[in-house]
Amino acid sequence: MTEIAIKGLAKSYGDTAILENVNAHLADHEFCVVLGPSGAGKTTLLRILLSQEAATRGEVLIDGVPIDPEPQPDRGVVFQRYSVFPHKSVLANVMLGPQLRAAPLLGRLFGARRRAIRERAEALLQEVGLGEHLAKFPAQLSGGMQQRLAIAQALIMEPKVLLLDEPFGALDQSTKKAMHRLILDLWRKNRMTIVMVTHDIGEAFTLATRILMVDKARRDPHAPTAYGSTITEDIRLDPDKKPALHVVDESADESHTMTAIFARYRADAGDCVVDEHPNFQAAG
Ligand SMILES: Nc1ncnc2c1ncn2[C@@H]1O[C@H](COP(=O)(O)OP(=O)(O)OP(=O)(O)O)[C@@H](O)[C@H]1O
Ligand SMILES: [Mg+2]
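Right, let's walk through the structure included here. Worth saying up front: this structure is predicted, and the values here are computed from it rather than measured.

**Quick look at the packing of helix H2 (residues 90–102) against helix H3 (residues 111–127)**
Phase 1: Running from N to C, H2 and H3 cross one another at 135 degrees; their axes reach a closest spacing of 9 Å. It follows that H2 is oblique to H3 by the angle criterion. Between H2 and H3 the crossing geometry is right-handed. Each of Val90, Leu91, Val94, Met95, Pro98, Gln99 and Ala102 in H2 lies in contact with H3, whose residues at this interface are Arg113, Ile117, Arg118, Ala121, Glu122, Leu124 and Leu125.
Phase 2: The residue makeup of the contact of H2 with H3, split by class, is ten nonpolar, one polar and three charged.

**Focus: unusual backbone geometry**
Phase 1: Although it is not a glycine, glutamate 158 adopts a positive phi angle of roughly 50 degrees.
Phase 2: In this fold, glutamate 158 is placed in the loop between helix H4 (143–155) and strand S7 (161–165).
Phase 3: Here the phi dihedral of arginine 191 falls at roughly 50 degrees; this positive angle occurs in a residue that is not glycine.
Phase 4: Relative to the elements of secondary structure, arginine 191 occurs in the loop between helix H5 (173–190) and strand S8 (193–197).

How each quantity is defined
- Residues numbered from 1 in each chain as written.
- Chains lettered and ligands numbered in written order.
- Predicted model: local features only at pLDDT ≥ 70, side-chain atom pairs only at ≥ 80, totals over all residues.
- Axes fitted to C-alpha atoms, helices over the stretch in contact; angles between N-to-C directions.
- Helix = DSSP H or I, 4+ residues; strand = E, 2+ residues; numbered from the N terminus.
- Parallel < 35°, antiparallel > 145°, perpendicular 65-115°, else oblique.
- Left-handed = near helix turned anticlockwise from the far one by under 90°.
- Contact = placed C-beta atoms within 7 Å.
- Nonpolar A, V, L, I, M, F, W, Y, C, P; charged D, E, K, R; others polar.

The following block contains the structure:
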């Protein structure tokens, strides 16, 4: 069971409001995709969920308990520009997390415990399709392979919540589709709750059981920093009724705004959408 409750969350930097009145309740095993224009505060929201950033107001609870103010291994993360240890092999990179957890000072383990971690790392790398590349170094991998390495690195810690910040943004379409199949597979198998940020609206409708749009609901032209983003769309999708891939011709939208493109995808998704709160404005 891993439910996430976001209650009355706000974040400001000085006088600049970034997020305000963000409310969402994510069910156990939700695949939540966060959409929103550039600068809306998506990464900020993810960083708050990870405890890398403190909220100005409001709180986040996991299974009813306020999250620890320090990042914890119960919340794994994969960033778009991810950092691995360049001088460690693929296998060593994946083994490092559990080694540090078992022996926090040196990360050195011997014998049976080390062997157990090694076996788990090998199995996981096999699962993400890197079984043939255990001895390679990160610089010898393609972008898609590096993303899969990052995902394996996060998954070996068996996080209850996997946070993904535009993990497939830099990949070509066919690699992206392969990654979509992989992440859906791992999500079902490991029963994690996922929160993933993307710019790609088609990707959101392909993967999500829940889509949140983070955007400004109010704007004051005389004070552009006065209002932060909130949740302007909140829809629930039937996981067994995935809309067809790339159903919408994005170039058909004259305005090209995210809201306009989202509305077309929403219309095409039809009865895949089981519940929605348009222009969601919760009290808080
Ligand atoms: N540490 C910080 N100090 C001051 N301002 C910040 C800080 N971090 C982020 N911001 C500002 O907060 C706003 C939201 O940033 P954030 O990175 O969350 O946006 P985003 O929605 O992830 O955008 P993108 O889609 O481009 O990644 C931006 O205007 C950014 O400049
Ligand atoms: Mg971002």
